[in-house]
Each structure stands twice: as structure tokens, then as C-alpha cells.
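A structural walkthrough
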Amino acid sequence: MSGGVEWAVHCCVVLTAARGPVPAARLAELHDVSGSYLAKQLQSLARAGLIHSVQGHAGGYALTRDPADITVLDVVEAVDGAAPAFTCTEIRQRGPLAAPAEACTLPCPVHRTMMAADDAWRASLRAVTIADLAQMVTADSGPSTLLTVRQWLG
């Protein structure tokens, strides 16, 4: 997973506390991260329909749906894409003892194991929403944490 995923997920949680659209520069300042790099992550979230941009003096970014309807997997796939983490190259069909293609009709044990792990990872991320994360922040850091963020955002 890229570092942009972490930034994007944190921004989505912050947007749950916002009173209105939040400028990208304000989100970057809050997290002390590069504004230009964060802008790329926000654009990815917008292309995926998870946030939208509001133009004008009071403009910025806002969630497009209820945070309970946005999963962590939605954010990961928006930023890093939906391709599996593992790509099988059929290495068993190469080298001096290569298996013939007709003997390789089923995925090998390595492929099956990696795909099972990918499926489990995606299921885990699909089971947690942005609303869940916001609740976890409140449970871990106290009820004033997101209120303080809201006040800081203005």
C-alpha cells in the first residue's frame, strides 16, 4: 500500500468532523504533509466519487456519502487501484524443469495462497467504514478529539 492511502483515510475521517468543505491546504496543514502530494490523493478520492470539490471562497473537499457508506477498501482502491497485490507469472512454466502449459490447468499452491490472503485483506478492509474509524478515534482519544479538529478547521 502506498503512503497516500494513509493520508487519504485520515482525510476522510477528518471530513466526518468538518462543518463544510475543507480546503486541501488546510488538510495538508493539519497533517503536516506535502500539499501537492495530498492533492493527488484527494483527486483520486474525487475521481472515485468518495469526496467532491466545492469551488469558491468557502470551497474545499467534502464527503459525497454518509461515512457509514464508505469503506476503508473504497479508499484504498481509489488511491492504489483494485488490482490484486499478487500477480502470478507462472514461474513453474520456466527454467530447465518447466511444467508444460497443459499440466498447469489449475493455479499453483503459491498462487492460491496469495489470492486467499488478498481476499482476506480486502474483506477486512471492506468490513470497516470511515464512520467506524471516526468512532474508534473517539473511543481511543476521547470525545473531544474530533470536536477539536472541527474547531481547528474553522
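Coordinates for the structure precede this section.
Described in the following lines is the structure provided in the data block. A quick note: this is a predicted structure, and the numbers were derived from the prediction, not measured.

Calculation notes
- Residues numbered from 1 in each chain as written.
- Predicted model: local features only at pLDDT ≥ 70, side-chain atom pairs only at ≥ 80, totals over all residues.
- Heavy atoms only, no water.
- Helix = DSSP H or I, 4+ residues; strand = E, 2+ residues; numbered from the N terminus.
- Rg over C-alpha atoms; globule rule 2.2 N^0.38 Å.
- Buried < 20%, exposed > 50% of the residue type's maximum accessible area, 1.4 Å probe, protein only.
- Contact = heavy atoms within 4.5 Å.
- Areas by Shrake-Rupley, 256 points an atom, 1.4 Å probe, with all protein chains shown as cover.
- Lys, Arg positive; Asp, Glu negative; His and termini not counted.
- Charge placed at Lys NZ, Arg CZ, Asp CG, Glu CD.
- Salt bridge = Lys/Arg side-chain N within 4 Å of Asp/Glu carboxyl O.

With that settled, the discussion passes to the overall build of the chain. Broken down by element type, the chain carries seven helices and two strands. When the helices and strands of the chain are read in sequence order from the N terminus, they spell out α-α-α-β-β-α-α-α-α. Taking 2.2 N^0.38 as the reference for a compact globule, 154 residues should give roughly 15 Å; the C-alpha atoms of the chain span a radius of gyration of 20 Å, well beyond that estimate. Principal axes of the C-alpha set define a box for the chain whose edges measure 65 × 30 × 25 Å. Within the chain, the fraction of its 154 residues that count as buried is 32%. Considering only contacts within the chain whose residues lie at least 6 apart along the sequence, 67% involve residues at least 24 apart. A total accessible area of about 8900 Å² is found for the chain, and carbon and sulfur atoms account for 58% of it. Distance between charge centroids for the chain: 4 Å, based on 11 positive and 14 negative side chains.

It is worth spelling out the pattern of salt bridges at this point. Any two side chains of opposite charge can pair, on the condition that their charged atoms come close. Under the definition given, this model contains five salt bridges. Between Glu 29 and Arg 26 there is a salt bridge; the shortest N-O distance is 3.2 Å. You can see Glu 29 and its partner Arg 26 sitting in helix H2 (residues 24-31), three residues apart, about one turn around the helix. A residue is classified by how much of its surface remains accessible, and Glu 29, at 49% relative accessible area, is partly exposed. Judged by its relative accessible area of 25%, Arg 26 is partly exposed.

This next bit is on the environment of Phe 86. Along the chain, Phe 86 falls in the loop between helix H4 (72-80) and helix H5 (109-126). Given the relative accessible area of 23%, Phe 86 is considered partly exposed. Through-space distance from the C-alpha of Phe 86 to that of Met 114 is 6.4 Å; in sequence the pair is 28 residues apart.

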